[in-house]
Amino acid sequence: DGGITQSPKYLFRKEGQNVTLSCEQNLNHDAMYWYRQDPGQGLRLIYYSQIVNDFQKGDIAEGYSVSREKKESFPLTVTSAQKNPTAFYLCASSIISAVGVREKLFFGSGTQLSVL
Amino acid sequence: AQKITQTQPGMFVQEKEAVTLDCTYDTSDPSYGLFWYKQPSSGEMIFLIYQGSYDQQNATEGRYSLNFQKARKSANLVISASQLGDSAMYFCAMREGDSWGKLQFGAGTQVVVTP
């Protein structure tokens, strides 16, 4: 079945440590996204990518980095510069198409990141 | 400033009844899109329905309909004939202009469907 796989489901980070969240999709979608969700809040966009080897900052990119070396993969690294990394992280993908269609995002099941 | 406002943090609805989830938005761009997503306890977000600012008719998708009142800047989601599986968090979101990939989400409404 086609879909988006995020791993791990739970991740713990120590002070000063970088951690990488995995996101893989087999939907053949061109666009991929990373969102952050904090309790009681909606999702906020961290980074997005419309094509391999290119990505754009979202609203809260500071302290995060991404890469897009393959169409299927869009890993997110939470660096030590991110002072408040505890959150639920959701990866999504979509086709590149007309307005209204491209925002039909397909999401993974998320990674809960906590600081030790 | 908050672009998307969902004033109902949580609500109970009885099975088979209809429920309306409120969403108001704020934008000065004449071109925008409004979306509703569902988040079950498993965590993934599921797309439900889309309404474009220039669409003449309210969007419908099965049991979901969007009550779009442009002058009031509201985009309420109506779920008809609620089912136990509808229990979830519901998020309203907006795309402004041609801001590719940038959806702004509200804080969500928790819906619990009771037998």
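*Asks:* Just to check I follow, could you spell out the nonpolar core for this structure?
*Replies:* Most often, soluble globular proteins keep nonpolar side chains buried together rather than apart. Judged by nonpolar contacts, the single largest core of 24 residues is most densely connected at Tyr25(B), Trp36(B), Ile49(B), Leu77(B) and Tyr90(B). When residues in this core are grouped by element, the largest group, 4 residues, is from strand E10 (residues 88-96) of chain B. What Tyr90(B) contacts, discounting residues up to four positions off in sequence, is Gln6(B), Leu21(B), Trp36(B), Tyr37(B), Lys38(B), Leu48(B), Leu77(B), Ile79(B), Gly108(B), Thr109(B) and Val111(B). Counting residues in hydrophobic clusters, the runner-up holds 21 residues, among them Leu43(A), Phe88(A), Leu90(A) and Met89(B).

*Asks:* Please explain unusual backbone geometry as it appears in this structure.
*Replies:* A negative phi angle characterises most non-glycine residues, just as the trans form characterises most peptide bonds. All names here are of chain A. Between Ser7 and Pro8 the backbone carries a cis peptide bond, its omega angle lying at -10°. Within the secondary structure, Pro8 is located in the loop between strand E1 (4-7) and strand E2 (10-13). One non-glycine residue with positive phi stands out, namely Asn53, at about 65°. Turning to its location among the elements, Asn53 is positioned in the loop between strand E5 (43-51) and strand E6 (54-57).

*Asks:* Mind showing me how you'd approach the sheet that holds strand E3 (residues 19-25) of chain A here?
*Replies:* Where strands meet in a sheet, backbone hydrogen bonds hold them as pairs that are either parallel or antiparallel. Residues and elements named next belong to chain A. The strand order across the open sheet built from 4 strands is E1-E3-E8-E7, with neighbouring strands paired in antiparallel fashion. Two strands close off the open sheet at either side, each with one partner strand: E1 and strand E7 (64-66). Going from strand to strand, the sheet's axes swing by 20° on average, the running direction of each strand aside. Where E7 lies against strand E8 (residues 76-78), 3 bridges are found, and the strand directions are antiparallel. Looking at the pairing, Tyr64 lines up with Val78 of E8.

*Asks:* Sorry if this is basic, but what is going on with the interface of chain A and chain B here?
*Replies:* Often, the extent of an interface is quoted as the loss of accessible area upon association of its parts. In this assembly, 26 residues from chain A lie in contact with 19 residues from chain B. Summing both partners gives a buried area of about 1900 Å² for chain A against chain B, and 60% of it is carried by carbon and sulfur. Across the chain A-chain B interface, the total number found is 0 salt bridges. For the pair chain A and chain B, the interface holds 3 residue pairs in polar contact (both at pLDDT 80 or more). At the level of secondary structure, the elements contributing two or more residues to the side of chain A that touches chain B comprise strand E4 (31-37), E5 and strand E9 (87-94) of chain A. The class makeup of the residues in the side of chain A that touches chain B is 12 nonpolar, 9 polar and 5 charged.

*Asks:* Please explain the pairing of strand E9 (residues 74-79) of chain B as it appears in this structure.
*Replies:* Both faces of the sheet carry side chains from a regular strand, because those side chains alternate between them. Residue and element names in this part refer to chain B. When you tally the buried positions in E9, you get 5 out of 6 residues, the bulk of the element. Pairing of strand E3 (residues 19-21) with E9, which is carried by 3 bridges, proceeds in the antiparallel orientation. Bridging from a neighbouring strand, Thr20 pairs with Val78 of E9. Direction of pairing for strand E8 (residues 64-69) relative to E9: antiparallel, over a ladder of 6 bridges. What sits directly across from Leu66, in E9, is Leu77. Turn length for the E8-E9 hairpin, with the two strands adjacent in sequence and antiparallel, is 4 residues, and the turn residue Lys73 shows positive phi of about 55°.

*Asks:* Just to check I follow, could you spell out the state of the cysteines for this structure?
*Replies:* Joining two cysteines, a disulfide is a covalent bond between their sulfur atoms. For the structure on display, the rule yields 2 disulfides over all chains. Each disulfide pairs two cysteine sulfurs, and for Cys23(A) the partner residue is Cys91(A), the sulfurs being separated by 1.8 Å. Where Cys23(A) bonds to Cys91(A) through sulfur, the torsion about that S-S bond is close to -70°, and the disulfide is left-handed. Of this pair, Cys23(A) sits in strand E3 while Cys91(A) sits in strand E9; the two residues are 68 residues apart in sequence, bridging distant segments of the chain. With a relative accessible area of 0%, Cys23(A) lands in the buried category. A sulfur-sulfur separation of 2.0 Å characterises the disulfide bridge that pairs Cys23(B) with Cys92(B). With the S-S bond torsion at -65°, the cross-link from Cys23(B) to Cys92(B) turns out left-handed.

What counts and what doesn't
- Residues numbered from 1 in each chain as written.
- Chains lettered and ligands numbered in written order.
- Predicted model: local features only at pLDDT ≥ 70, side-chain atom pairs only at ≥ 80, totals over all residues.
- Heavy atoms only, no water.
- Core = buried A, V, L, I, M, F, W, Y, C linked by side-chain atoms within 4.5 Å.
- Buried < 20%, exposed > 50% of the residue type's maximum accessible area, 1.4 Å probe, protein only.
- Helix = DSSP H or I, 4+ residues; strand = E, 2+ residues; numbered from the N terminus.
- Contact = heavy atoms within 4.5 Å.
- Pairing = 2+ DSSP bridges.
- Axes fitted to C-alpha atoms, helices over the stretch in contact; angles between N-to-C directions.
- Buried area = accessible area lost by both parts, 1.4 Å probe.
- Salt bridge = Lys/Arg side-chain N within 4 Å of Asp/Glu carboxyl O.
- Polar contact = N/O pair within 3.5 Å; in protein donor to acceptor, adjacent residues only side chain to side chain.
- Nonpolar A, V, L, I, M, F, W, Y, C, P; charged D, E, K, R; others polar.
- Disulfide = S-S within 2.5 Å.

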